[in-house]
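# Structural description and commentary
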Amino acid sequence: APAPRAARLIAPVSVSSPRRAASSAVAMAGEVAAPPRAMKVAVLGCTGSVGQRFITLLEGHPWFEVVALGASERSAGKTYFEACRWKQATPIPESMGKIVVADCDPASAAFEGVDIVFSGLDNEIAGDIEEAFAKVGKAVFSNAKNHRMDADVPILIPPVNASHVDIIASQRESRGYTTGFIVTNANCSTTALTIGLKPVFDKFGIDTIIVSTMQAISGAGYPGLSAMDMLDNVVPLIGGEEPKMESESKKIFGNVVDGKFAEAEFKVSAMCNRVHVLDGHLEAFSLKLKTPATPAEVIAAIKEYPSVTRALGLPSAPEKDVEYRDEPDRPQPRLDRMKGNGFTVSVGRIRECNVFDIRGVLLGHNTIVGAAGGSILNAEYCVVKGFIQ
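The notes below deal with the structure included here. (Residues numbered from 1 in each chain as written. Predicted model: local features only at pLDDT ≥ 70, side-chain atom pairs only at ≥ 80, totals over all residues. Heavy atoms only, no water.)

### A short note on the sheet that holds strand S5 (residues 139-142)
Operational definition: When DSSP finds two or more bridges between a pair of strands, those strands are recorded as paired. The secondary structure listing takes helices from DSSP runs of H or I that are at least 4 residues long and strands from runs of E that are at least 2 residues long, numbered from the N terminus.
Spatially, the 6 strands line up as an open sheet ordered S3-S2-S1-S4-S5-S6, and their pairing is parallel. Each edge of the open sheet carries a strand with a single partner, namely strand S3 (102-103) and strand S6 (181-184). Here strand S2 (residues 64-71) pairs with S3 via 2 bridges, running parallel. Within S3, the residue paired with Ala71 across the bridge is Asp103.

Below you can see the structure in the form of structure tokens.
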């Protein structure tokens, strides 16, 4: 029943799963009351890689209940069990597996009463479909690139730029939306970069970033690259990735002035590579700072950075949004990608740079904090802010 599900956030729970552990931790940290009812949720692109990750993360969520699933005409009319070629490590949740998949059409009866739409749709079709759902009053949380650079759409990452959510009011006014709106994630590699560097950006300012990524194969979706491409190999090209990192990071670190985005002023050069790792994007960076700082001072800034999402009272919040690893050979994807249930970005190897000021490495889980999990955090924050009633 909706009431007990919503009450889990503030009631004592038996910590027997990562989801319940996260909810219990936030109950003690943020003390934000749960919404008065369970929010009804739909997942579009539900059979794809990001869509499947949404399903695993939303199982047992204390605020959200999945009631509708959308996919292509090929999958429509089948149960999720029948339609989905499941590739996650845990089974399809029984309650979601029985849902009949619908076309991604907001007029479909399947989406009646839905409050929140999580979109894992491909870039080729996402833009118009997401707008159509927003126009009929749905809160749309997108993983696609289509609307990221729109003048009235935030690339929202709560531990980095929570204040950007307030542009929703301007978006509704300019587009004629009533209760609907669109919020996007960043590109997965950009998300890890901006969370990991946020403490440095705030404390010392950043003039220049050079970053080389080692990105997991799950970021290419399923079936992704062939075994002949990836075995015994690194592919030094991910189409469109480098421009996205270079443009999105400036919008994310920027400000909202008079209802418009003002980009942050710094330079970014990104080089993106696909490596033979299943999950977790590792990124090596060099920074030129606006205020000089020693490696010890940078490390201290990272360690002292507050847990923003916990303070906001978000049920998926990790204990730390960003952490520093003191070990000389960390972070590593296999060892560190599930830190904070996949919501924590890990930073390590901070030291002097012979060209700029500081260099180091960071790691983020590309399909959790960098994709589906990031969208869920965004939706939780919009509930807290009152944009979803």
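### A few points about helix H9 (residues 188-204)
Along an α-helix, residues three or four positions apart point the same way, because every turn accommodates 3.6 residues. For clarity, the cut-off: Multiply 1.5 Å by the residue count of a helix minus one, and that product is the helix's expected span. Two axes define the bend at a residue: one fitted to the seven residues ending there, one fitted to the seven starting there, and the bend is the angle between them.
Spanning 17 residues, H9 covers 24 Å between terminal C-alpha atoms, matching the ideal 24 Å at 1.5 Å per step. In the structure, H9 departs most strongly from a straight axis at Leu197, where the bend amounts to approximately 50 degrees and where the proline Pro199 lies between one and four residues downstream. Taken from the residues just after H9, Gly205 is the one with a positive phi, measuring 75 degrees.

### Thoughts on the pattern of salt bridges
To be explicit about the condition: For this analysis, a salt bridge means a side-chain nitrogen from Lys or Arg found within 4 Å of a carboxyl oxygen belonging to Asp or Glu. Between buried and exposed lies partly exposed: a residue is buried under 20% and exposed over 50% of the maximum accessible area for its type, with that area taken using a 1.4 Å probe on protein chains only.
Throughout the structure, instances matching the rule amount to 17 salt bridges. Measuring nitrogen to oxygen at the nearest pair gives 3.9 Å for the salt bridge that ties Asp279 to Arg53. Linking Asp279 in the loop between strand S10 (267-274) and strand S11 (281-289) with Arg53 in helix H3 (residues 49-58), this pair joins segments that are 226 residues apart in sequence. Of the two residues, Asp279 and Arg53, neither departs from the other in class, the shared state being buried.

### Digging into the environment of Val136
For Val136, the position within the fold is in the loop between helix H6 (123-135) and S5. As a C-alpha pair, Val136 and Gln171 span 35 residues in sequence and 14 Å in three-dimensional space.

### Focus: the side chain of Asp321
Convention followed: His is not counted, nor are the chain ends; Lys and Arg add positive charge and Asp and Glu add negative charge. As used in this structure description, the phrase polar contact means that two N or O atoms lie within 3.5 Å; if the pair is within protein, one of them must be able to donate a hydrogen and the other to accept it, and residues adjacent in sequence are counted only when both atoms belong to side chains. Working rule for contacts: check all heavy atoms of both residues, and any pair within 4.5 Å makes them a contact.
Within the element layout of this structure, Asp321 appears in the loop between helix H13 (308-311) and strand S12 (322-325). No salt bridge is formed by the buried Asp321. Its closest oppositely charged neighbour is Lys320, at 8.1 Å. Polar contacts involving the side chain of Asp321 include one to the side chain of Thr309, which spans 2.5 Å. Setting aside chain neighbours within four positions, we find Asp321 in contact with Pro159, Ile195, Pro306, Ser307, Val308, Thr309, Phe343, Thr344 and Val345.

### Some details on H3
Burial of H3 is extensive: 8 of the 10 residues sit out of reach of the surface. Among the residues of H3, Gly51, Gln52, Arg53, Phe54, Ile55, Thr56, Leu57 and Leu58 are the ones counted as buried. Two residues or fewer past H3, Gly60 is found with a positive phi of approximately 70 degrees.

### Structural notes on the sheet that holds S10
By definition, the strands of a sheet pair up through backbone hydrogen bonds, in either a parallel or an antiparallel sense. So the rule is basically this: Convention adopted: a line fitted to C-alpha atoms gives each axis, helices being fitted over their contacting stretch, and angles between N-to-C directions are expressed from 0 to 180 degrees.
Spatial ordering of the open sheet is given by S10-S7-S11-S14-S13-S12, a layout of 6 strands whose pairing is mixed. Strand pairing shows two members of the sheet lacking a second neighbour, S10 and S12, which therefore form its edges. In this sheet, neighbouring strand axes are inclined to one another by 20 degrees on average, regardless of whether the strands run parallel or antiparallel. As judged from the 5 bridges shared by strand S13 (residues 345-352) and strand S14 (residues 358-364), these two strands associate in the antiparallel manner.

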